[in-house]
Amino acid sequence: MQYRKFDVKQPSWNSVMIARHLPEKLKDLETLSRNLWWCWNESAKNLFKAVDAEAWVKSGENPIAMLDSVSRKTYHKLEADEAFLAQLKSVMDEFNTYMAAKAQRNTPSIAYFCMEYGLDTSLKIYSGGLGILAGDYLKESSDMNVNMVAVGLLYRYGYFTQMLSSQGEQVSKYDAQDFMKIPASPVRDENGNWMTVCVSFPGRNLNARIWKVEVGRTDLYLLDTDYLDNLPEDRQVTHHLYGGDWENRLKQEMLLGLGGIRTLRKLGLNPQIYHCNEGHAAFIGLERLSEYINGNGLEFTEALEVVRASSLFTTHTPVPAGHDAFDDGMMMRYLGHFPQRLKIDWETMMDLGKVNGANPSEKFSMSTLAANISQEVNGVSWLHGKVSQDILSYMWPGYLPEELHVSYVTNGVHYPTWTAPEWKTIHSRVFGDAFKTHHYDKSCFEGIRQITDEEVWYTRNILRRRLVAQIKERLSDPAATNHYSPKQIVTIKETLRDDVLTIGFARRFATYKRAHLLFRDLDRLDEIVNNPQHPVQFIFAGKAHPADKAGQDLIKMIVDISKQDRFIGKIVFVPNYDITLAKYLVQGVDVWMNNPTRPLEASGTSGEKAAMNGVMHFSVLDGWWVEGYKPGAGWALPQKRTYTDQNFQDELDAATIYNIIENEIAAAFYHKDPVTAISADWISHIKNTVAMVACNFTTNRMLTDYLNQYYVPQAERFEKIAADDFAKAREISAWKNKLRSEWHKGNVVSQVLPDSGINEVSFGQPFKAEVKVYLGEVLQPEEIGVELLFAKTDEKGRHHIQEVYEFVPGSKDEDNVVVYTADIAPDRAGFYMTACRVYAKNADLPHRQDFELVRWL
């Protein structure tokens, strides 16, 4: 027998997993930690903090990670703590009552697809505004008890952690998420096996595990490829959000779209409405077409009617270059097999994502695909809706951009997530009982006017102090503050004050956000921040995309300026902007500033979050602020440009910003009563902001708009389209096919239309317009519409419709000619441009852009 010697000089370490087993009386903590309901309910957050306050902070306020770190001794102590057990029971009763209402959901069933979700810092599957918006939306769907399910991807590394070098340069650090400590659980079948879906890749299958995240009453399913069943290069598909090359992006979007639909079906879910939040998920349309063609025996055009009726596409992109597009070779490599599934040819499938499917040099656009497979399309603010009409106008050349069905629903924010606990307590006293039910009239926000000026001022001071304390604490961590020297950190902590006007600027550092604008005249800025009577301090935070060198240079510039002796502690850059830091900022600053280049802000929601806390917005009239701005409830730079030269416009805007900060904002903040030391003017701005601005920009209003404008009417139309074995879908498809085959046979025989010559129109005297159209034997008069447009031309040469005259058809004569007539009687005299067009007409279509057949005469 051999014996192991005792003279081994190095320890032999083995891995041991010690599973957490909570005492029976504390089991409910596990349930609460696994549902993100806790992250927007103060009672639950206070409960976890009561378990172990120090462990709660160290865990980053992640209850799953915290419960793993708490000792048995602490658990035994809590088990015997009657006050804690009563607190636990109270929270659990609140949670159970909330969740029980899930059985009463009766709104249309909706599937929501998005590339990212910003729900909580503990789940790093978001990068910025799109994800935060999607996360807020799911929370609101839970609170309003809307019948929604969501699909996304689970990223191993998520988005990067931002570090700054000693020179102020951004360093992107990717930390792997520990899937054991996130609020996502494996979805298992009846035999306990982890459920998966697969997507065909060239010569192989991509497999994805299904995870479930409970967002209150709303379930979010996430797909993850980082496991042994996949090739190494395929495991990386869900490593990074927006990471890798274009090929990896295509893989991600195939997984989200094709794999997402297959996930829902595997779970037995078949919602009525499919909401594509950005074009990334547009492949859901291809998969659903395949289902109807192969599962229900529909032809391609029939299936397209069904899919379109039940699909909605929301675009968030304000510039054409921001829309994902893939070249023909890549599409053929990964989706070359798909036309066979749809029983069509390659060109027909390419037509869904191109203007010309036969053009191999044109890239396949995901936004074009999303718009083609969706009945409805919307932007995310009133102005962005107009911008989106322009961007997408290439798809419907028979119509002017302003005529398009592309509309808007302005983004909002989830009130319970972003509003400070102190404000929630105050609002609960004065907003009324209906507000607590999440079904309320927004006029309840007027209740803020019942609060005394003293309480409002006191609350704002508390929140500013909390923010400044948090910044100082973060700057005390050497690992997070390489961009400042120890001496500079000491100076900042001594100089940064919690009793002076504090302005925040935090967002993604893209150049169009114009973070540099404040720094165009440093001497002028010096006068503002160092004014002895009216001092101002600025807090900056935000990340630049790892590939955006210009954005990273902006961060470096701000860090360099913040180190100057005259600005140290007056201008501070706080690294690693995330949900947690965002909450401190939107709750703690006095003014939220935004300087986007017009009109490149699709919506923007950070200022809306600030408004929930009585923080005034100061911004260019762009995005949501075009609708939100009210005099006496914030400040605005004009919506229209003064100069076409961007440098001149920046110079003007910078000068305007300095003047407004100094002469209006600081003047109002420091206009204090000598007895009470309170500025009544400032308090008035705060109350106006809550009563007149915040009320209009909640996700409660936003989701209500989506229900009323899209989900409910589309669900009703979908049911009609699908009834009786898709009879209406087949009928519409047959009609469109008939019109397409006969359209070229029709032609205009003659026309009598207004012009500046012999057919002049006189004000007050109707003009008899006439268009004779040969329709052929098949087309009927009521299937063809004729209309005359009167338009004005703006300074950019764009036409804007003033009046539209619809022509009335007569009967077909023996030569298959129909006379269309209209009485033209303009309401106003003046110079107009006129144009006449013919279009295919059917009352069963949801809107005119649903069918492509239009001809200008």
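What counts and how
- Residues numbered from 1 in each chain as written.
- Predicted model: local features only at pLDDT ≥ 70, side-chain atom pairs only at ≥ 80, totals over all residues.
- Heavy atoms only, no water.
- Helix = DSSP H or I, 4+ residues; strand = E, 2+ residues; numbered from the N terminus.
- Rg over C-alpha atoms; globule rule 2.2 N^0.38 Å.
- Buried < 20%, exposed > 50% of the residue type's maximum accessible area, 1.4 Å probe, protein only.
- Contact = heavy atoms within 4.5 Å.
- Areas by Shrake-Rupley, 256 points an atom, 1.4 Å probe, with all protein chains shown as cover.
- Arc of directions from axis to C-beta.
- 1 Å grid on protein atoms, 1.4 Å probe; cavity = no way out; pocket = protein on both sides within 12 Å on 5 of 7 lines; lining within 4 Å.
- Points joined across faces, edges and corners; volume = space filled by probe spheres on them.
- Nonpolar A, V, L, I, M, F, W, Y, C, P; charged D, E, K, R; others polar.
- Patch = residues over 30% accessible without salt bridge, like charges linked within 9 Å, V, L, I, M, F, W, Y side chains within 5 Å.
- Salt bridge = Lys/Arg side-chain N within 4 Å of Asp/Glu carboxyl O.
- Core = buried A, V, L, I, M, F, W, Y, C linked by side-chain atoms within 4.5 Å.
- Expected span 1.5 Å × (residues − 1).
- Axes fitted to C-alpha atoms, helices over the stretch in contact; angles between N-to-C directions.
- Left-handed = near helix turned anticlockwise from the far one by under 90°.
- Pairing = 2+ DSSP bridges.

Asker: How would you summarise the overall build of the protein chain if you had to cite specific residues and measurements?
Answerer: A count of helices and strands for the protein chain gives 28 helices and 28 strands. For the protein chain, whose C-alpha radius of gyration is 30 Å, the value lies close to the compact-globule estimate of 29 Å for 857 residues. C-alpha extents for the protein chain along the principal axes are approximately 105 × 85 × 50 Å. Looking at the 857 residues of the protein chain, the share that counts as buried comes to 56%. Restricting to contacts in the protein chain with at least 6 residues of sequence separation, those with at least 24 account for 72%. About 35600 Å² of surface is accessible on the protein chain, with carbon and sulfur atoms providing 52% of the total.

Asker: Any details on helix α5 (residues 72–79)? Residues and values, ideally.
Answerer: Of the positions making up α5, those classed as buried are Thr74, Tyr75 and Leu78. Looking straight down α5, one finds that the buried residues subtend no more than 100 degrees of arc, so they occupy a single side. Exposed residues pointing more than 90 degrees away from the buried face of α5 are listed as Arg72, Lys73 and Lys77. Structurally, α5 contributes buried residues whose contacts are with α2 (42–51), α4 (63–69) and α6 (82–100).

Asker: So, the layout of surface pockets: which residues are in play, and what are the values?
Answerer: Space inside the second largest pocket adds up to approximately 1100 Å³. Taken together, 29 residues make up the lining of the second largest pocket; nearest its centre are Asp390, Asp794, Glu795, Lys796 and Arg798. Secondary-structure elements contributing two or more residues to the lining of the second largest pocket are α16 (382–391) and β24 (799–806). Of the residues forming the lining of the second largest pocket, the biggest block, six residues, is contributed by α16. Tallied by class, residues from the lining of the second largest pocket come to 12 nonpolar, six polar and 11 charged.

Asker: Go over empty space enclosed by the protein, please, and point to the residues and values.
Answerer: On inspection of all chains with the given rule, the structure shows one cavity of 30 Å³ or more. Computed from the structure, the largest cavity encloses a volume of approximately 100 Å³. Considering the residues around the largest cavity, the lining is formed by Trp743, Gly746, Asn747, Val748, Val773, Tyr774, Leu775, Leu779, Ile784, Val838, Arg855 and Leu857. Looking at the lining of the largest cavity, the elements with two or more residues in it are β21 (747–752) and β22 (767–774). Of the residues assigned to the lining of the largest cavity, the class counts are nine nonpolar, two polar and one charged.

Asker: Give a detailed account of a nonpolar patch on the surface, specifying residues and quantitative values.
Answerer: A cluster of nonpolar residues, Tyr643, Phe648 and Leu652, forms a patch on the protein surface that exposes about 270 Å² of accessible area. Classification of tyrosine 643 as partly exposed rests on a relative accessible area of 37%.

Asker: An account of the nonpolar core is needed here, citing residue identities and associated values.
Answerer: In this structure, Leu29, Tyr112, Phe113, Tyr117, Phe283, Leu286 and Tyr711 are the most contacted members of the largest nonpolar core, which totals 167 residues. In terms of residue count, helix α28 (residues 699–742) provides more of this core than any other element does, 14 residues in total. Here tyrosine 117 is in contact with Tyr112, Ile125, Tyr126, Gly131, Ala134, Gly135, Leu138, Ala150, Val151, Gly152 and Leu220, once residues within four sequence places are set aside.

Asker: Can you tell me about helix α19 (residues 453–475), naming the residues and giving the values?
Answerer: When the terminal C-alpha atoms of α19 are compared, their 33 Å separation across 23 residues agrees well with the 33 Å that a helix rising 1.5 Å per residue should span. Along α19, the residues classified as buried are Val456, Trp457, Thr459, Arg460, Asn461, Leu463, Arg464, Leu467, Val468, Gln470, Ile471 and Leu475.

Asker: Account for the pattern of salt bridges, with residues named and values stated.
Answerer: Between side chains of opposite charge, pairing is possible as soon as their charged atoms come close. Taken as a whole and judged by the stated rule, the model has 53 salt bridges. In this structure, lysine 745 engages glutamate 742 in a salt bridge whose closest nitrogen and oxygen atoms are separated by 3.2 Å. Residue class for lysine 745 comes out partly exposed when judged on its relative accessible area of 39%. A network of salt bridges, in which partner residues are shared, links Glu305, Arg308, Lys736 and Asp850.

Asker: How would you sum up unusual backbone geometry? Please name residues and give values.
Answerer: Located in the positive-phi region is glutamate 278, a residue other than glycine, with phi close to 80 degrees. Relative to the elements of secondary structure, glutamate 278 occurs in the loop between β9 (273–277) and α10 (284–295). With relative accessibility at 8%, the residue glutamate 278 sits in the buried group.

Asker: Tell me what's going on with the packing of helix α11 (residues 300–309) against α28, and back it up with residues and numbers.
Answerer: Put simply, α11 and α28 touch, their axes get as near as 8 Å, and they point 150 degrees apart. Between α11 and α28 lies a crossing of right-handed hand. Contacts between α11 and α28 involve Thr301, Glu302, Glu305, Val306, Arg308 and Ala309 from the first element and Gln714, Arg717, Phe718, Ile721, Phe726, Ala729, Arg730, Ile732, Ser733, Lys736 and Asn737 from the second. Here the residues of the contact of α11 with α28 are counted per class, giving seven nonpolar, four polar and six charged.

Asker: Tell me about the sheet that holds strand β16 (residues 536–541), residues and numbers included.
Answerer: Here six strands make up an open sheet; going across it, the order is β17-β16-β15-β18-β19-β20 and the pairing parallel. Because the sheet does not close on itself, it has two edges, and the strands there are β17 (571–573) and β20 (635–637). Pairwise comparison of adjacent strand axes, ignoring direction, gives a mean angle of 20 degrees for this sheet. Running at roughly 155 degrees to β16, helix α23 (residues 579–588) makes contact with β15 (501–506), β16 and β18 (591–594) of the sheet.

Asker: Before we move on, can you summarise the sheet that holds strand β25 (residues 808–809) with the specific residues and values?
Answerer: Pairing between sheet strands relies on hydrogen bonds along the backbone, with the strands arranged either parallel or antiparallel. As summarised here, the arrangement of the four strands in space is β21-β22-β26-β25, forming an open sheet in which the pairing is antiparallel. The open sheet has two free edges, formed respectively by β21 and β25, since each of these has just one partner strand. Looking at chain direction, β25 and strand β26 (residues 817–824) are connected through two bridges and run antiparallel. Note that in β26 the partner of valine 808 across the bridge is threonine 821.

So, to be careful, I would describe these as geometric facts and stop short of saying anything about function.
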